[in-house]
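Examination of the molecular architecture
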Number of protein chains: 2
Amino acid sequence: MTVNIGLLGFGTVASGIPFLLQENGEKIVAASRSDLEITKVLVKDDEEKNRLLAAGNDYNFVTDVNEILNDSEIDIVVELMGRIEPARTFITSALEAGKHVVSANKDLIATHGKELIALAQDKGVAFYYEAAVAGGIPILRTLANSLTSDKVTRILGVLNGTSNFMMTKMVDEGWTYDAALKTAQELGYAESDPTNDVEGIDAAYKAVILSQFGFGMTLDFAAVSHKGITTITPDDVAVAQELGYVIKLVGDVREVESGISAEVAPTFLPKGHPLASVNGVMNAVFVESIGIGESMYYGPGAGQKPTATSVAADIVRIARRINDKNVGKPFNEFARETKLANPADVFAKYYFAIDVPDKKGQILRLAEIFNAQNISFEQVLQQKANGEVARVVIITHELSQTQLEDVTADLNAVADFTVVNTFKVLGD
Amino acid sequence: MTVNIGLLGFGTVASGIPFLLQENGEKIVAASRSDLEITKVLVKDDEEKNRLLAAGNDYNFVTDVNEILNDSEIDIVVELMGRIEPARTFITSALEAGKHVVSANKDLIATHGKELIALAQDKGVAFYYEAAVAGGIPILRTLANSLTSDKVTRILGVLNGTSNFMMTKMVDEGWTYDAALKTAQELGYAESDPTNDVEGIDAAYKAVILSQFGFGMTLDFAAVSHKGITTITPDDVAVAQELGYVIKLVGDVREVESGISAEVAPTFLPKGHPLASVNGVMNAVFVESIGIGESMYYGPGAGQKPTATSVAADIVRIARRINDKNVGKPFNEFARETKLANPADVFAKYYFAIDVPDKKGQILRLAEIFNAQNISFEQVLQQKANGEVARVVIITHELSQTQLEDVTADLNAVADFTVVNTFKVLGD
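Conventions adopted
Residues numbered from 1 in each chain as written. Chains lettered and ligands numbered in written order. Predicted model: local features only at pLDDT ≥ 70, side-chain atom pairs only at ≥ 80, totals over all residues. Heavy atoms only, no water. UniProt positions renumbered as here; feature names shortened; annotations may be inferred. Helix = DSSP H or I, 4+ residues; strand = E, 2+ residues; numbered from the N terminus. Polar contact = N/O pair within 3.5 Å; in protein donor to acceptor, adjacent residues only side chain to side chain. Contact = heavy atoms within 4.5 Å. Patch = residues over 30% accessible without salt bridge, like charges linked within 9 Å, V, L, I, M, F, W, Y side chains within 5 Å. Areas by Shrake-Rupley, 256 points an atom, 1.4 Å probe, with all protein chains shown as cover. Salt bridge = Lys/Arg side-chain N within 4 Å of Asp/Glu carboxyl O. Buried < 20%, exposed > 50% of the residue type's maximum accessible area, 1.4 Å probe, protein only. Buried area = accessible area lost by both parts, 1.4 Å probe. Nonpolar A, V, L, I, M, F, W, Y, C, P; charged D, E, K, R; others polar. Axes fitted to C-alpha atoms, helices over the stretch in contact; angles between N-to-C directions. Parallel < 35°, antiparallel > 145°, perpendicular 65-115°, else oblique. Left-handed = near helix turned anticlockwise from the far one by under 90°.

Going by an unreviewed UniProt entry, chain A carries the name Homoserine dehydrogenase and comes from Streptococcus henryi. Its UniProt record gives chain A the following Sequence similarities (unreviewed entry) comment, quoted word for word: "Belongs to the homoserine dehydrogenase family."

A word on the side chain of Lys40 of chain B
Residue and element names in this part refer to chain B. Structurally, the position occupied by Lys40 is in strand S2 (residues 35-42). A distance of 2.9 Å separates a polar side-chain atom of Lys40 from the backbone oxygen of Glu67. Ignoring anything within four residues of it in the chain, the contact list for Lys40 reads Ile5, Gly6, Leu7, Asn60, Val62, Glu67, Ile68, Asp71 and Ile74.

A short note on a nonpolar patch on the surface
Nonpolar side chains collect at one region of the surface, where Leu187, Tyr189 and Val281 of chain A lie side by side and expose about 250 Å² of accessible area between them. Inspection of the secondary structure assignment puts Leu187 of chain A in the loop between helix H9 (177-186) and helix H10 (195-198).

Digging into the UniProt feature "binding site: L-homoserine" (unreviewed entry) in chain A
All names here are of chain A. UniProt tags Glu191 as "binding site: L-homoserine" (unreviewed entry). Take Glu191: its relative accessible area is 46%, and that puts it in the partly exposed class. The residues contacting Glu191, other than those within four sequence positions of it, are Arg83 and Gln185.

Side note on the UniProt feature "active site" (unreviewed entry) in chain A
Residues and elements named next belong to chain A. Here the UniProt-annotated "active site" (unreviewed entry) positions come out as Lys206. Structurally, the position occupied by Lys206 is in helix H11 (residues 201-215). Judged by its relative accessible area of 5%, Lys206 falls in the buried class. In contact with Lys206, other than residues within four places in its own chain, are Lys106, Ala132, Val133, Ala134, Leu159, Asn160 and Asn283. At 2.6 Å, the side chain of Lys206 and the backbone oxygen of Leu159 are in polar contact.

Comments concerning the interface of chain A and chain B
The interface is formed by 48 residues belonging to chain A together with 47 residues belonging to chain B. Taking both partners together, chain A and chain B bury about 4,100 Å²; carbon and sulfur atoms supply 53% of that area. Looking at the side of chain A facing chain B, the largest losses of area belong to Lys27, Ser149 and Tyr298 of chain A, adding up to 16% of the total buried there. Applying the counting criterion to the chain A and chain B interface returns 6 salt bridges. Between Arg33 of chain B and Glu333 of chain A there is a salt bridge, and its shortest N-O distance comes to 3.5 Å. Linking chain A with chain B are 21 residue pairs in polar contact (both at pLDDT 80 or more). Taken together, the elements giving at least two residues each to the side of chain A that touches chain B come down to helix H1 (16-23), helix H2 (25-32), helix H7 (139-145), strand S12 (294-300) and helix H13 (304-324) of chain A. Sort the elements by how many residues they give to the side of chain A that touches chain B and H13 of chain A lands first, with 10 residues. Of the residues belonging to the side of chain A that touches chain B, the class tally is 19 nonpolar, 14 polar and 15 charged.

Some words on the packing of helix H8 (residues 161-173) of chain A against H9 of chain A
Residues and elements named next belong to chain A. Between H8 and H9, whose axes approach to 9 Å, the crossing angle comes to 135°. Here H8 is positioned oblique relative to H9, judged by the angle of their axes. Viewed along their axes, H8 and H9 form a crossing whose handedness is right-handed. Along its contact with H8, which presents Phe165, Met166, Lys169 and Met170, the element H9 presents Tyr177, Ala180, Leu181, Thr183 and Ala184.

Below, the structure is given as structure tokens:
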């Protein structure tokens, strides 16, 4: 049989799909037990259509989405437009029309996935989105199928290639944040407005989706706290090195006694941790579980071919299931009641960089403040004063998020102390 | 519904399955849409049975396999005995009796998998064996399902935890092979006869299975050349370090123009290669493909809970498919005609450690020999003479396996040269 595909959008990723169908057609046809045909491609307007045709793209380009939605021959709609709208409206209409949908749109799935998944279930169609998390890494299907027998306790991920490229330059070559951003923009890794990447928003979207697959819980995006890499200084990087750590932007989802906790933040990783050597634009998802113990899934987090490969894998699975007449199961079947962790229950070590007056007795003053919150020190480093100000670096023993908030407030209440940075520190 | 399981063997791995069913029962039942029940467990004799009962194991232990094979209530037979016989006979009988089979037996699957897979197909039952390669790493199902859209060009793997533990000690702490083996045996990682682990045989079994899933080709075990770690000296390790490499035992399966090439051998990995930081008993499979590019799957290669998790994942998939009434598809559906590569077509860089007389003109003599085979040098290092003998270390540019064989024969024909070691060298 032939499975007909309608593409929404023909940007970088979409144009990687024909590459796979051509270079790997035999395997894809055998696996899907179907010929896969891209019968229509939605583009923005006639200008884009003419440009693509002139460039030698031999597709049936349309500018009205209804030509795809109302085409009863089209089985699978593949959405590769990005952003929330009009993708959300188009996917909703496609699902309502009984079409299977593949999407790589993490923003949309993290914020409106719940309703789209419910609609797909209601209509008995497939809605798959492997490419939405960590591009080329087949992490979602692996969590859904292979880790089905295992209980995941924590997922740590280097989930944003742009910020990881920047952090790699800052760590390995001592670059400043601004220099790293400039180069990332020149290389096309960062957009002119890099907010989503550098502020941890993109990684937080992925954390929402990983929470569904790993923990069976659907978090609101707002429940994922995110903190970016913009405040990291060469001083922080140098101190981390000295103490045996590498700083990376890490997504961290874990289940504690009271529920699930998800955050994205710059994190001190011990140099021997498998995530510490994930460099450049590569991503990795590190999974802690009661069965396997520790496993890691590493690969490119973005890019035309990797992302297209994940999209094509979804298409193949759907085509195959159409053939096997068992299409329509949810991409992720693991669902439990969503419970958010109590911050008093979520523990980590923390790094504090604090500027204090260059006078005697400051460590004592700091120690009193931390001690009052029952927080003890693992390492303390007082750096040479720079003018009137000395930098004290502290790595604590484990403390809860509540203690972190309280001690930070206490420190901020001291007029001549400045809390420059606070980052989470992972153990070995 | 209830899916009934018969276990063959109740050793380390098997006893990890009840742990998962108990600690993760809710998720497992939901995923498999079934209650999973271990109704019979085959043990060797009454002595083992009584020992296990006395230790508080509350199972229906049987000593005659026919009690399981002839039990029409048992849906899935899980073989965890290891070795070829009687596992081969028992699995064959189970498949013939129309039972689904899960196995972790790499030796058996690498050497007799073809006939067992064909029998399962013939009988319309499932025969799954995720745990047979890299224990807890869900690599086989990932290759079968997620990389279905991708064309794999090379699979490199650290596939044997015992030898990797030993190599880690030899590389990180300068231990000798003998010291590393002794400790591995003391820690229970190596058996008293360590041959399968240290000679690359165990890794070669896994390479056979990876070839099926990655390349759709079924190799005879004899087609996988294997070379172990027994000849690696502290000198080799030190030179590797100096030149920026780490030595590991690496399985390497790749497709070249003429066909597929598979080997297991000590390999120089550049320090920045993701496999280079896979240490201790951990395993990893590094996949090169035209779509994703580079991806890696990392985790424990053995151990009770990791292996049991992979076995349990197979059980869950089968139970679910019994429910969905689409059980019986082969674990790996990717199959092509098996073609072995022409050795003249398989290229790599090589490291040579050669002992030569401590007289002038030796590098010239070596250069003439390599030059006659059209092999050029990338790096040459002459070490201080030790007595009458000087050690020359050469890293070549790429040469074919045929050239390797020829130049090795040429070198061996020179009476006062001794080729101490030859190892493959990977590029970045």
